[in-house]
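Architecture at a glance
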Amino acid sequence: MDNSNKTGLAQFADNLKSVKSSFVGSFSRGGWPTSDKGRTSTVVNNFFLHLHTAKTHINTLKPSYTLGMGLISFFLLVIAFISGGFLMVYYSPSTTTAFNAVKDINFVVFGGQLMRNIHKWSGEAMIIFVILHMVRIVYTNSYKQGREFNWVIGIVLLILTFVLNLTGYMLPWDQLSYWALVIVANIAAAPKELTDIFNGMFGITLPDIGGATKEVLLGGTEPGQESLTRVYLLHILLLPLAICVFLGVHFFRIRKDGGLTRPANVSAGSGESIISPPEKKGGIFPTHKTYGLMELSKGRTPAVDTDIENTVTSWPNLFIAEIAVFMFTLAAVVAYSYFFDAPLKEYANPMIPENPAKAPWYFLGLQELVSYSAFMGGQGLPGLALAGLIAIPFLDRENRDIGIWFTNKQGKAIAIESFIVGSVAVIGTLAFVVTQGWFREWWPEIHQLWIVAINPGNLLLGFVMVYTLWVIKRTNSTRMGAISLITFFLVCYVILTYTGTVLRGPNWVFYWSPSDWPIH
Amino acid sequence: MSEETRDKDGVSRRDFLGLAAFGTAILGVVSSVAGSLRYIKANVYFEESKKFKVGTVENFPIGSVKKLDDKNVFIFSEEAGLFAISAICTHLGCIVSPVDFGFQCPCHGSQFNHIGNVIGGPAPRALEWFEISQEIDGSLAIDTAKTVSQGTKYLFA
Amino acid sequence: MNSRFYLSLMLISSLVLMAFLAIAFNREMTPVWKDYQTEYKETLIKNAKDDGTRERAEKIQVGLQQIYIKALNKSDRCTSCHAGVENPLMAAAEVPYKQHSGNYLKNHPLPKFGCTLCHRGQGRALNIAEAHGEEHQHWDFPIVPAKYIQSSCASCHDYKMLETEGGEKVAKGEKLFREKGCLGCHKLNGVGGALGKDIAGIANKAYYYFSMAAVVGERNMYSWIKQHFDDPRKIVPESQMRAFLTDEEADLLTTYMLTFRTDEMPRSYRLIKNIDKVATDGKSMYTAYCSACHSDGKTSVYDEIFARTIPAIRNPSFLKTISNSELKRIVKEGRKGTQMTAWKSEAAGLTEKQIDEIVKYVAKDRPSEKSRPFNVAKIKSDIERGAEIYNNRCALCHGEEGKGGENLLGMTLRDSALSPEFIAITVRDGRKGTPMVPFGNGGIGLSNQEIADTVAYVKNLTNDKK
């Protein structure tokens, strides 16, 4: 209004002259930040950056502390999203065209095979890194002081990661897809094992929940076009949406729960300045230490209670780290994808099962358990394992030594001990089952109830529970129990998965190596 | 940690590392994006051959006009020879229909005369003429990938 | 310190990424078909006899080739490497540049038929191993070996035409299939015995349908079918298949077997000049359905594979004792406990009329004079005496339980439908042309009373549940 004395045309001419700087300025308001204030406001004012804190503790930036697992998982998801979008350009979800579309992606699309490999491997790598991220969280004692909720969100993200991978596995509609779908559908139907046992036992008839789940999943009683449509919907819309929402909450909570945990002692650089954090007391969800919108937005910010001197501006320090991890993840995925092709078998054939009909590798640990009892292996035990994981922060509430790997020497010892004991227990159980068989082999007439109730999987779980309790009793610390439990979980998952993937051949017979498998 | 390097003048070792790192990172991302864009362009099209057989000369008695509906081609037979005119309007690709003055496009009202020249409406060019050739077995083939100049008529034995 | 670490990580990662993008790009730009097409083009230019040819050769654009056939939902990219299939100049060239042999492409233009319709293989693939389906490659239908390629002709053409117009192998195979009596054990399109597998659609069965453990050489459907003709029990240990074929016959039959496809051609692709008529006279049907086991039916022989003696059903002395209606009943219902299939329409799929024709043919040589009647019912028989006679005289061939079977020359006697009179007459008069000698007055010399006792014992065995 101040230049109202100018004519409209003159104003227009002036605006036209400065259009370049005003256009650029509208995007980058503060220009390139040169002061700490500018760096801070850049972070706060940018939509994409403002989820970060303006300042970051230097210990958070130490690569040896988090190992970047969570960030790598997130970037893998980003890569999978983008590559998945590209795959959708050529894919079409029909039982008659899906297989050909995937073949075309492999054969004639420019970089198609690479794109498909990137999608496949980034998705599957997510499973590994999400699990390692979880293990890191437990080992560094990072599930406390308000982070309990976020831990549960994390478990939800783990499940979503599994299901996303699984639904993606179904889409090429090859033999792998088809028979994995059959197996998964029947695992969904496995509660029938239980309902069948109790049916007619006390004069009651239980509804066949398992069967109903299976039919809803497949849109029929056996896999077909309806199933593919449903799985496709899940894979490209519902699950990605869900994972985005939960991931948003996950990140939001990290912010609200005071950033990443970190060792309190500042030993970075030359100075050996160790600043102890103030003593904290209170309930499980500390709600004091709030600023900003005060009581409206509850939570803690990283810079309040502790050493402001040991923080640096997030711009550029944190972002350099994030971009570096992204480039690392991308480079690793592309390099791996260059060498290893995503598998594609024959066109789905409902007459001839793959032998062995294996689920994708990340479920082969479960399939090993499923080979004892479909219900316990497919639903009971994983359900219990997840429940156990969810329970960790609620059963261990020792709010000491947050952010320190293994807490102390004893923790390290317990981790190693659990690793050895767990390995021996799992391998021992497997060796026993492989050589001796189980109830069905000894007493072919045995009632299914006995197998559901007592099978190697259940015994293993029981052993883990008892051993963990014993650790708690011995060390007089629930924290040690948590370390022990997560180690058992990791060991069980890895060894069972290895067994199911490599050591089980046609007819689920034990072989030392796939090269020993008989020719079909 | 970086206070001292930040304040230095000129290109310090860290600045060089930073420049190199960001430079290559941007290059890497840009080439990934470029590759991905190339990925979108399909290498093969799922379309039938542009060249197709239409039968022998006897199928086209002099004075007749035949429209091949699935190929969108008019085949005219005259004393001077055979010629094939595209039925695809040069404006925005609708299919023209034969009328008494030539061809009329239903979408935006383009009008063409008997040899395909624009006589009305928004069409920028005349309708295309296609090559007709005779195969070894005597049958005629039209190749819609090969246009010929207006007025090219083919006489076959 | 940390930012130094991260910047280095960023730099190294970015360099690695670019390096891999570069080699991936290079791999993408140098597919194997490009080399083949370039060489094809260069050969054409080099060998060009006149300027016009050279000019046309120089105009060839090297690029991915695809024949897309909407009606068949096929995308054949074979011509990306086999660039010269339509070029007469390449008639003498080496594969993959060679022109297609014969004049097949004249009547089967590539834009309409493509390649994999006849040759199978994976048309979408662009590398040799996967396109040809060498060593499986997770592709169920590899390239059909040249010697069986005529099997594809039958998808659209009738056998009468194929016989004279370039499909003689598959036509011969079809004839052989009937002559060898394959349908006696195998069902095809609803008709045929139940002893072997149903072979309808066998040429579209997946790789894993066939057990490849004993297959020699390339493991695929084609080798399996051929080798299982050569030695059925080597490929399928529990097989009872009676295949006695020369190598050539096995190849012809393999060719014919490969016509049993499930992917039907659209009408516009089929060219049926003659309606193939399956002969329905008694003799042809006997050959198609019965001869694989009974051969000409004149002599009864012990069969190692079936582990029992196969009866001589056209033996006059047998026919003398059995009526047409009895024969028909056996054909319709089969013989329990033996390999004999029930041929009624609900089982092996022969119509009443067809069975009548077959029975008529089987009974063609029945002698005019009838057997002397043997009225067993009138004689009061003694089972214990019969047992003694049976064990002394009959058990050697028919077995103590009267079941016949492994290492026994005799038939099973335990068919409740065998009338006592039929057995009695056979015992008395024997079976000419078989090891069964007359046991009555004309031969061994058993009295009618003794024969009746034996028959009573045999019938008693039948009722025995053992």
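Residues numbered from 1 in each chain as written. Chains lettered and ligands numbered in written order. Predicted model: local features only at pLDDT ≥ 70, side-chain atom pairs only at ≥ 80, totals over all residues. Heavy atoms only, no water.

Disulfides are covalent bonds that link the sulfur atoms of two cysteine residues. Under the defined criterion, the tally for this structure stands at 1 disulfide over all chains. The disulfide bridge from Cys94 of chain B ends at Cys107 of chain B, spanning 1.9 Å between sulfur atoms. Disulfide Cys94 of chain B-Cys107 of chain B: torsion about the S-S bond near -95 degrees, hence left-handed. Here Cys107 of chain B lies in the loop between strand S6 (102–104) and strand S7 (111–112) and Cys94 of chain B lies in the loop between strand S4 (81–86) and strand S5 (97–99), a separation of 13 residues in the sequence. By relative accessible area, Cys94 of chain B is classed as buried at 17%. You can call Cys107 of chain B partly exposed: its relative accessible area is 40%. There is no disulfide at Cys115 of chain C, and the cysteine sulfur nearest it, in Cys78 of chain C, is 3.8 Å away. We classify Cys115 of chain C as buried; its relative accessible area is 13%. (Disulfide = S-S within 2.5 Å. Helix = DSSP H or I, 4+ residues; strand = E, 2+ residues; numbered from the N terminus. Buried < 20%, exposed > 50% of the residue type's maximum accessible area, 1.4 Å probe, protein only.)

Right, let's get into helix H10 (residues 221–230) of chain C. All names here are of chain C. With 9 of 10 residues buried, H10 is to be regarded as a mostly interior element. Listed as buried for H10 are Met221, Tyr222, Ser223, Trp224, Ile225, Lys226, Gln227, His228 and Phe229. Looking at the buried side of H10, the elements it contacts are helix H11 (232–235) and helix H12 (247–257). (Contact = heavy atoms within 4.5 Å.)

Across the boundary between the two partners, chain C contributes 23 residues, which contact 22 residues of chain B. Here chain C and chain B share an interface that buries about 1,900 Å² over both sides, 72% of which is from carbon and sulfur atoms. At the boundary of chain C with chain B, the tally comes to 0 salt bridges. The interface formed by chain C and chain B contains 3 residue pairs in polar contact (both at pLDDT 80 or more). The dominant element in the side of chain C that touches chain B, judged by the number of residues it contributes, is helix H1 (residues 2–29) of chain C, at 12 residues. (Buried area = accessible area lost by both parts, 1.4 Å probe. Salt bridge = Lys/Arg side-chain N within 4 Å of Asp/Glu carboxyl O. Polar contact = N/O pair within 3.5 Å; in protein donor to acceptor, adjacent residues only side chain to side chain.)

Residue and element names in this part refer to chain B. Overall, antiparallel pairing links the 4 strands, which are arranged S5-S6-S7-S8 in an open sheet. Either end of the sheet is taken by a strand with one partner, and the two such strands are S5 and strand S8 (118–120). Relative to S6, S5 runs antiparallel, the two being bridged by 3 bridges. For Ser97, the partnering residue across the bridge sits in S6 and is Gln104. (Pairing = 2+ DSSP bridges.)

Moving on, we get to helix H19 (residues 420–429) of chain C. All names here are of chain C. Here H19 lies mainly inside the structure; 7 of its 10 residues are buried. Within H19 the residues assigned to the buried category are Phe422, Ile423, Ala424, Ile425, Thr426, Val427 and Arg428. Those residues of H19 that are buried are in contact with helix H15 (316–321) and helix H20 (448–463). Backbone geometry just downstream of H19 places Gly430 in the positive-phi region, at approximately 70 degrees.

The next thing to look at is a nonpolar patch on the surface. On the surface, Val89 of chain A together with Val29, Val33, Leu37 and Ile40 of chain B cluster together into a nonpolar patch covering about 390 Å² of accessible area. Looking at the nonpolar patch, the element that brings in the most residues is helix H2 (residues 13–40) of chain B, giving 4 residues. Taking relative accessible area as the criterion, Ile40 of chain B reaches 38% and is therefore assigned partly exposed. (Patch = residues over 30% accessible without salt bridge, like charges linked within 9 Å, V, L, I, M, F, W, Y side chains within 5 Å. Areas by Shrake-Rupley, 256 points an atom, 1.4 Å probe, with all protein chains shown as cover.)

This part covers the sheet that holds strand S1 (residues 51–55) of chain B. Residue and element names in this part refer to chain B. Within the open sheet, the 6 strands sit side by side as S1-S10-S9-S4-S3-S2. Their pairing is antiparallel. Looking along the sheet, the strands with just one partner apiece sit at the ends: S1 and strand S2 (65–68). Between one strand axis and the next, the sheet turns through 30 degrees on average, direction left out of account. As judged from the 2 bridges shared by S4 and strand S9 (residues 129–134), these two strands associate in the antiparallel manner. In the sheet register, Ala84 faces S9, and the bridge partner there is Phe130. (Axes fitted to C-alpha atoms, helices over the stretch in contact; angles between N-to-C directions.)

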